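These are the residues of each chain, in order.
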Amino acid sequence: SDVCSSDLFQIPLMVIVTYPAIEGLKNEWREAAINLGATKVIFWRYIGIPLLVPAVSGAFLLLFANAFAAYATANVLTSGTLPLLPVQIGSLVNGNVIADQTNVGMAMGLEMIIVVAIAMAGYTYLDRRTSKWRKR
């Protein structure tokens, strides 16, 4: 039950992040495309989907960073038996270390921060790119 609730949190987060982009598709763009002879399929292929790609890609990056950093979910799902990075860090930080490897948990934590920072930088870039056309 705890795992399901934490996994289901991703769905509303995806909706919250992508909804403004979907709402940002102006009806005038669709009407203009139809007046120029485009079908609904052509509108979505050349206008709708290209405008939504940055928002959806950014949402996936945000969800990846959220899931990657979710130690509790990984720990509950694997019971600490699989060598997932968050579970290994938790084990090392809690003092379960091999001789001469006391800083491995801190190094792995830094790697995790770097991965999440890259994902969030990508999300920020894509969000800025999406917001440019949303303001018009």
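The following refers to the structure shown. (Residues numbered from 1 in each chain as written. Predicted model: local features only at pLDDT ≥ 70, side-chain atom pairs only at ≥ 80, totals over all residues. Heavy atoms only, no water.)

Per the secondary structure count, the protein includes seven helices and zero strands. Counting over 136 residues, the protein shows a buried share of 29%. Here the protein has roughly 9,200 Å² of accessible surface; of this, 66% comes from carbon and sulfur atoms. (Helix = DSSP H or I, 4+ residues; strand = E, 2+ residues; numbered from the N terminus. Buried < 20%, exposed > 50% of the residue type's maximum accessible area, 1.4 Å probe, protein only. Areas by Shrake-Rupley, 256 points an atom, 1.4 Å probe, with all protein chains shown as cover.)

Right, let's talk about the packing of helix H3 (residues 27-35) against helix H4 (residues 40-68) for a bit. Look at H3 against H4: their axes get within 10 Å of each other, and the N-to-C directions meet at 160 degrees. On the basis of their axis angle, the class for H3 and H4 is roughly antiparallel. As H3 runs across H4, the sense of the crossing is right-handed. Along the contact surface, H3 presents Trp 29, Arg 30 and Ala 33, while H4 presents Phe 43, Ile 47 and Leu 51. Here the residues of the contact of H3 with H4 are counted per class, giving five nonpolar, no polar and one charged. (Axes fitted to C-alpha atoms, helices over the stretch in contact; angles between N-to-C directions. Parallel < 35°, antiparallel > 145°, perpendicular 65-115°, else oblique. Left-handed = near helix turned anticlockwise from the far one by under 90°. Contact = heavy atoms within 4.5 Å. Nonpolar A, V, L, I, M, F, W, Y, C, P; charged D, E, K, R; others polar.)

A separate point is the packing of helix H2 (residues 10-23) against H4. The interhelical angle for the contact between H2 and H4, taken along N-to-C directions, is 155 degrees, at an axis separation of 9 Å. Between H2 and H4, the angle falls in the class roughly antiparallel. As for how H2 packs across H4, the hand of that crossing is right-handed. Mapping the contact onto sequence places Gln 10, Leu 13, Met 14, Val 17, Thr 18, Ala 21 and Ile 22 in H2 and Leu 52, Ala 55, Val 56, Ala 59, Phe 60, Leu 62, Leu 63, Asn 66 and Ala 67 in H4. Partitioning the contact of H2 with H4 into residue classes produces 13 nonpolar, three polar and no charged.

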